[in-house]
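Per-entry structural report
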Amino acid sequence: MIPSRGRAGTVFLTDTRRCWRYPFSVFKGPLEGAVCVYAANKPLSRMSGGPAVHVSIESSCEKQVQEVALDGTETYVPPLSMSQNLSRLAQRIDFSQGSGSEEEAEVEPKEREWSKHEAEDDEGTVKFQPSLWPWDSVRNNLRGALTEMCVLYDVLSVLKEKKYMALDPVSQDPSAAKSPQVLQLISKKRSLATAAHVLLRGAEKLSKSVAENLENRRQRDFNSELLRLRSQWKLRKVGDKILGDLSYRSAGSLFPHHGTFEVIKNTDIDLDKKVPEDYCPLNVQIPSDLEGSAYIKVSIQKQAPDIGDLGTISLFRRQPKTKAGAQAWHVKLEAAQNVLLCKEIFAQLSREAVQIKSQIPHIVVKNQIISQPFPGLQLSISLCHSSGDKKSLRAAPEKHKADDHLYVLEHNLHQMIREFHKQQLSSVFMPQPATAPFGHKRLRLAGPQAFSKSQISSVQQGQGLLEKIIKQAKHVFLRSRTARTIDSLASRIEDPQIQAHWSNINDVYESSVKVLITSQGYEQICKSIQLQLNIGVEQIRVVHRDGRVVTLSHQEQELQDFLLSQMSQHQVHAVQQLAKVMGWHVLSFSNHVGLGAIESVGNASAVTVASPNGDYAIAVRNGPESGCKVLVQFPRNHSKELQKSDVVLEPKWSHLRGPYREVHWSKMEGRNFVYKMELLMAALTPAP
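Residues numbered from 1 in each chain as written. Predicted model: local features only at pLDDT ≥ 70, side-chain atom pairs only at ≥ 80, totals over all residues. Heavy atoms only, no water.

As recorded in an unreviewed UniProt entry, the protein chain goes by the name Mediator of RNA polymerase II transcription subunit 17, listed as coming from Knipowitschia caucasica. The heading Subcellular location (unreviewed entry) in the UniProt record of the protein chain holds the text "Nucleus". As its UniProt record puts it under Sequence similarities (unreviewed entry), the protein chain is described as follows: "Belongs to the Mediator complex subunit 17 family." (UniProt positions renumbered as here; feature names shortened; annotations may be inferred.)

See the structure below:
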């Protein structure tokens, strides 16, 4: 809004853009955008008698619009505080300008001529020097602002008080009011169509923006995904590429594979189409030899195949289903690192298999290592790698069962390779000087603190992965065969019963099991046979209840014969304990009887017990193969087969026991051997 000076007493205020925001916006026609103020030749303010000045009238102090949203909401710029406004006004002050006003600059060309003549006349007089006060320009600007405020006050007083301004109605064209109704309907229809078109366009833009926001939520940012990748994997920038490390070199690995992968930005997706749920803006490119999945298979077979039949083994029956879209980078990197670790394990085992000198040499054929821990047994360690191509998808003929995996040994291989990494990392120190070889510091020192020859040999000597895994395989096989032997005897022989209690705390090279041989219903009195079996790598140590130690080899038949002989001795021990409970007297007992038939397995045991009054005697002989044989001896006076002797005439000799008679043991009633023996003793015990 800019005021201008016209005739005397007339001021025109023009603001065509904001006329609708002021009270005088009712003017139409030729006076649109202008306000006529009639002052009746009266001064508008105290300063109106001076020279003509440009009065700047600003609009009302309203907030500026910063942004208009799609729904019509206006966002305003917050107003400045008093300190901010003062600093903004102070920055506009130009102290380099003079104190003269704009009006003096306009009058200067008119008075230049007479000022020259006057200067010539008064050459001898001293010229007037203006004030050099630095705040003179500020004072002049404040004076001008006061003038403008006075003019604004006068204008507002004119608009507010009705005596200064008269309002005349604007004449309208009478023909416009008589327009037909058809034209009015057409104009309204056009106006409604225009409004509907505007609303439809706004709705389309709003729907597009909502769809774009949904797609942006699904698309993860590349930089944030790269930051997440960097927090889990080692990355470095080489030129314009981002490379990562999959190897275990930082953990102490000596495997020569570089294990480098490249991080690339995923640009295969079309943003115009629907973004899949599993879309990831980041992708990794791994080496071709590390693609797919791999694992180490350890198995033991009884019959070794021919060497000519050995070759590359493919044990992947079912390939994992690939998910829709690109595979996640962490899944690919974990699978590639697992492949690299399996290759390192197999390479280490192959190197040791070639270097180790054993009685039966180890065989390394392609992706398979074959060893012979026991005669007739074969230990196979295979590297199974599926790269995902068509050749690897062809299933090879299965030569082994699906459950012949020794998962414990496969897990132990991974643990041992990590221990090897840790040992390499902890035992290596930086040499001094730098050209010295790596290793323990005391290996390079000379003097009293240096290692001796025996210490150096002890440090350098150590079992490799192959030797350790072969020993563990021997122990696992010996333990499984011991358990199978005990289970077969328990299922085949019902009397006596054999029980095995395996210890939960075992070592990789030694396990223990407690074997109890009992009779059903007589567990409290028949506890003589308790064996502790310590299963090692190549032998089994058996510790008896009395402390005797028996060492068995890895042969299954030897363990089976030993357990059969112990079960045979249990029956004789049970008769001895039962006789003590029943009040009978033990006449003789022997674990190794030298008379009778010779047993092919172990020795026969025998016991003889007599009744409380001594009239009856029971003799029991039990062997691992011959079985149980029970004989009963009756008194002479009860035996009808004996003839009366003419020599022995005294009656006291008639109380001696006669010959033995065998008992048909299979016809005796009872659920087991000890129960039948209890019934027999009860029948032969005299009544009190």
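The discussion continues.
Before going further, it helps to spend a moment on the overall build of the protein chain. Tallying secondary structure elements over the protein chain gives 14 helices and 23 strands in all. Pairs at least 24 apart in sequence give 58% of the contacts found in the protein chain among residues at least 6 apart. For the protein chain, the exposed surface amounts to about 47200 Å²; the carbon and sulfur share of it is 54%. (Helix = DSSP H or I, 4+ residues; strand = E, 2+ residues; numbered from the N terminus. Contact = heavy atoms within 4.5 Å. Areas by Shrake-Rupley, 256 points an atom, 1.4 Å probe, with all protein chains shown as cover.)

As a further point, take the sheet that holds strand E13 (residues 378–386). Strand pairing in a sheet relies on backbone hydrogen bonds, with the paired strands running either antiparallel or parallel. The strand order across the open sheet formed by four strands is E10-E13-E12-E11, and the pairing between neighbours is antiparallel. Whereas interior strands pair on both sides, the edge strands pair on one side only; in this sheet they are strand E10 (293–301) and strand E11 (363–365). Strand-to-strand twist in this sheet, taken as the mean axis angle between neighbours without regard to direction, amounts to 15°. Its contacts with the sheet place helix H12 (residues 465–492) against E10, strand E12 (368–371) and E13, and it is angled at close to 115° to E13. (Pairing = 2+ DSSP bridges. Axes fitted to C-alpha atoms, helices over the stretch in contact; angles between N-to-C directions.)

Looking now at the sheet that holds strand E8 (residues 260–265). Reading across from one edge, E6-E7-E8-E9 is the order of the four strands in this open sheet, with antiparallel pairing throughout. Where the open sheet ends on each side, the last strands, each with one partner, are strand E6 (234–238) and strand E9 (282–285). Pairs of neighbouring strands in the sheet enclose a mean axial angle of 35°, with direction left out of account. Two strands pair when backbone bridges link them, and E6 and strand E7 (residues 241–245) are joined in this way by five bridges, in the antiparallel orientation.

Next up on the list: unusual backbone geometry. Leaving glycine out, the prevailing phi sign among residues is negative, and the prevailing peptide bond configuration is trans. The residue after Asp495, namely Pro496, is reached through a cis peptide bond having omega 0°. Among the secondary structure elements, Pro496 is positioned in the loop between H12 and strand E14 (497–502). Despite not being glycine, Lys366 shows a phi value in the positive range, around 55°. Relative to the helices and strands, Lys366 resides in the loop between E11 and E12. On the basis of relative accessibility, which here comes to 64%, the residue Lys366 falls in the exposed class. (Buried < 20%, exposed > 50% of the residue type's maximum accessible area, 1.4 Å probe, protein only.)

Another point: the packing of aromatic side chains. Taken as a whole and assessed by the stated rule, the structure comprises four aromatic pairs. Between Phe374 and Phe477 the ring centres are 5.9 Å apart and the planes differ by 40°, which places this aromatic pair in the tilted class. Of this pair, Phe374 sits in the loop between E12 and E13 while Phe477 sits in helix H12, and the two are 103 residues apart along the sequence. For Phe477, a relative accessible area of 10% corresponds to the buried category. Judged by centre distance (5.3 Å) and plane angle (50°), the ring pair of Trp665 and Phe673 falls under tilted. Assessed through its relative accessible area of 12%, Trp665 is described here as buried. Look at Phe673 and you get buried, because its relative accessible area is 5%. Here the guanidinium or amino end of Lys471 rests over the ring plane of Tyr509, the centre of that ring lying 4.7 Å away. (Phe/Tyr/Trp six-rings, centres within 6.5 Å; stacked < 30°, edge-to-face > 60°. Lys NZ or Arg CZ within 6 Å of the ring centre and 35° of its normal.)

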